[in-house]
2 protein chains.
Amino acid sequence: MDEGAFVIEGPVLVREALVAGLPLEALFVDVTAPADLREAGVPVFELGDGVMERLASTESPQPVVAVAPLCARSLDDLAGATFVVVAHRLADPGNAGTILRTAEAAGADAVVLTVGSVDPFNPKVVRASAGALFHVPVVQDVDLSDVGRVLELPLVGAVATGGTPYREARLGDPLALVLGSEAHGLAGVDVNLLAGLVSIPHAGRAESLNVAMAAAVLCFEISEQRARPDK
Amino acid sequence: MDEGAFVIEGPVLVREALVAGLPLEALFVDVTAPADLREAGVPVFELGDGVMERLASTESPQPVVAVAPLCARSLDDLAGATFVVVAHRLADPGNAGTILRTAEAAGADAVVLTVGSVDPFNPKVVRASAGALFHVPVVQDVDLSDVGRVLELPLVGAVATGGTPYREARLGDPLALVLGSEAHGLAGVDVNLLAGLVSIPHAGRAESLNVAMAAAVLCFEISEQRARPDK
């Protein structure tokens, strides 16, 4: 596998990739692989007993693994985007996958991961995204300072405390929502880069919301405000 | 360890349990355990090299493991509750932990897991809950038919499609929000048990929201409506 490719494991995700129109390069299958995937027009390579175990990233290997060309975009590809989710130095693959799902469900135009974030084509992210990675344009390895400039969108940062309560914030206009890292939030980010800050008031302890949950709440507020510009 | 106890792994969670006032029965530590935990007034048992690896549920064992008495409640203990989150046949420990965090952050009075759900005292749930399990009352192994009757709360079911759009639903009054299983949602639930259904309208594919993300969006809508009864 060259550096310009990534793997998609399991029949469910491979079917999602085919539906999304990803130009799969190859399918590696064992004897238990579903027939429909063998006939999908992608070159099929049969693997002998025990080979899939060495190829797969999980303990319980899947009967089919696809190799797909990387579908990362550049910021320039996102011209005209009006709702972008930016993950800044996000480390956890599960959170990245969940944020991709949230972004898709909330109708975001794209997800951007800044330099130092987890690789969105990491098998764990692909799995956690449940196929969202194949449907939402993804940009990786960019500097946060380039995001707002190239996209010509105000960056609105999500912070645990001290931001405008999210229901009172104006989030229906074009924007890029910036989520911080699990460990440090947006600490270290130049405030001049951000047009505003939003927070989710909540009960319980200070750390009771993680970044993926906050992303879900904020992205659906943005979606709601965009759907009802009169409010 | 008897059946009436569960384990809490790692210094961060053990400290959370102490702050929450859990009457820990014992601490098992290795030589790297932090000094503050050794002096917390809980009986400390030193483990020799390699023993923690066999005790711990994770691949990278923690320097301290606490044993705590189960803190499950019964439905009768929840008298007066006005916001309860019910997970019906929820299977995944990560989802259960995230729902516990969401419930705490949204100010829910309790979390109920029906018969057939994952054990909330499973080490994976304890870990994923990030301490919320120590702060939110939890009831497990009850029948859904008993929940509304004993709590005297209307049950509002979350469904992928066909429910009232959640922003238009009246969710500020006392209620129990019922979340379905990952595989089957609320299929099989007697509709007569439910006072209403809510859905989250979303973009993208049908399965783009999972139950934990839906819980976050719905619980924060409930929290918002409860905070603003005039709206």
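Per chain, the residues get numbers from 1 upward, laid out in the order the sequence is written. All chains are assigned letters beginning at A, and all ligands numbers beginning at 1, according to the order in which they are written. pLDDT decides what is reported in this predicted model: residues at 70 or higher carry local features, side-chain atom pairs at 80 or more are listed and counted, and totals for whole chains, interfaces and linings draw on all residues regardless.

Q: I tried to follow the sheet that holds strand β4 (residues 64-69) of chain A on my own but got confused; where do I start?
A: Paired through backbone hydrogen bonds, the strands of a sheet run either parallel or antiparallel to each other. All names here are of chain A. Any two strands are treated as partners once DSSP identifies two or more bridges connecting them. Only DSSP runs of H or I covering at least 4 residues are called helices, and only runs of E covering at least 2 are called strands; the numbering of each starts at the N terminus. Read from one edge of the open sheet, four strands run β1-β4-β2-β3, paired in mixed fashion. With one partner strand each, in any of the chains shown, β1 (5-9) and β3 (44-46) form the two edges of the open sheet. Strand-to-strand twist in this sheet, taken as the mean axis angle between neighbours without regard to direction, amounts to 25°. Of the strand pairs in this sheet, strand β2 (residues 26-29) and β4 are connected by four bridges, and their pairing is antiparallel. Its bridge partner lying in β4, Ala 26 is registered against Val 67. Across the face of the sheet, helix α1 (residues 11-19) comes into contact with β1 and β4 while running at roughly 35° to β4. Note on definitions: angles span 0 to 180 degrees between N-to-C directions of axes, and those axes are lines fitted to C-alpha atoms, for helices only across the stretch in contact. Placing a C-beta atom from the backbone of each residue, one calls two residues in contact when those atoms lie within 7 Å.

Q: Please explain helix α7 (residues 211-227) of chain B as it appears in this structure.
A: Because each turn of an α-helix spans 3.6 residues, side chains separated by three or four positions end up pointing in the same direction. In a helix, the anticipated span is given by 1.5 Å times the number of residues less one. Between its first and last C-alpha atoms α7(B) spans 24 Å; for 17 residues at 1.5 Å apiece the expected length is 24 Å, and the two agree. Of all 17 residues in α7(B), 14 are buried; the element is thus mostly enclosed. Field definition: a residue is buried when 20 or more other C-beta atoms are found within 10 Å of its C-beta, exposed when 12 or fewer are, and partly exposed for counts in between, with C-beta atoms placed from the backbone.

Q: Which parts of the structure should I look at to understand the pairing of β2(A)?
A: When a strand is regular, its side chains alternate between the sheet's two faces. Of the strand pairs in this sheet, β2(A) and β3(A) are connected by three bridges, and their pairing is parallel. Note on β3(A): the bridge partner recorded for Leu27(A) is Val44(A).

Q: Help me understand the domain arrangement of chain A, please; the structure alone is not making it clear to me.
A: Residues and elements named next belong to chain A. The split of the chain into domains comes from an automatic or database domain assignment. Domain boundaries in chain A define domain 1 (5-69) and domain 2 (72-227). Here domain 1 and domain 2 have C-alpha centroids that lie 30 Å from each other. Tallying the contact residues gives 10 residues for domain 1 and seven residues for domain 2. No other element matches β1, which puts four residues into the side of domain 1 that touches domain 2. Classifying every residue of the side of domain 1 that touches domain 2 by side-chain character gives seven nonpolar, one polar and two charged. Asp, Glu, Lys and Arg are counted as charged, while Ala, Val, Leu, Ile, Met, Phe, Trp, Tyr, Cys and Pro are counted as nonpolar; the rest, among them Gly, fall into the polar class.

Q: What exactly am I supposed to notice about the sheet that holds strand β6 (residues 83-87) of chain B here?
A: Residue and element names in this part refer to chain B. Taken in spatial order, the eight strands line up as β5-β8-β7-β6-β11-β9-β12-β10 in an open sheet, and their pairing is parallel. At either margin of the open sheet sits one strand with a lone partner, and together these are β5 (72-73) and β10 (164-165). Pairing between β6 and strand β11 (residues 175-179): five bridges, direction parallel. Each bridged residue has a counterpart across the sheet, and for Phe 83 the counterpart in β11 is Leu 175. Along the sheet, α7 contacts β6, β9 (155-158), β11 and β12 (196-199); its crossing angle with β11, the most-contacted strand, is approximately 165°.

Q: What am I meant to see in the relation of the copies chain B and chain A here?
A: Relating one copy of the chain to the other requires a rotation about an axis plus a shift along that axis. With an axial shift of 0.0 Å and an RMSD of 0.0 Å, the rotation relating chain B to chain A amounts to 180°. What the superposition gives is, in effect, a two-fold axis relating one chain to the other. When C-alpha positions in chain B are compared against the rotation axis, the closest is assigned to Val217(B), at 2.6 Å. By residue overlap, the copies meet face to face through one surface: 100% of the interface positions of chain B are interface positions in chain A. Least squares is the method used to superpose the copies, on C-alpha atoms of residues holding a pLDDT of at least 70 in both.

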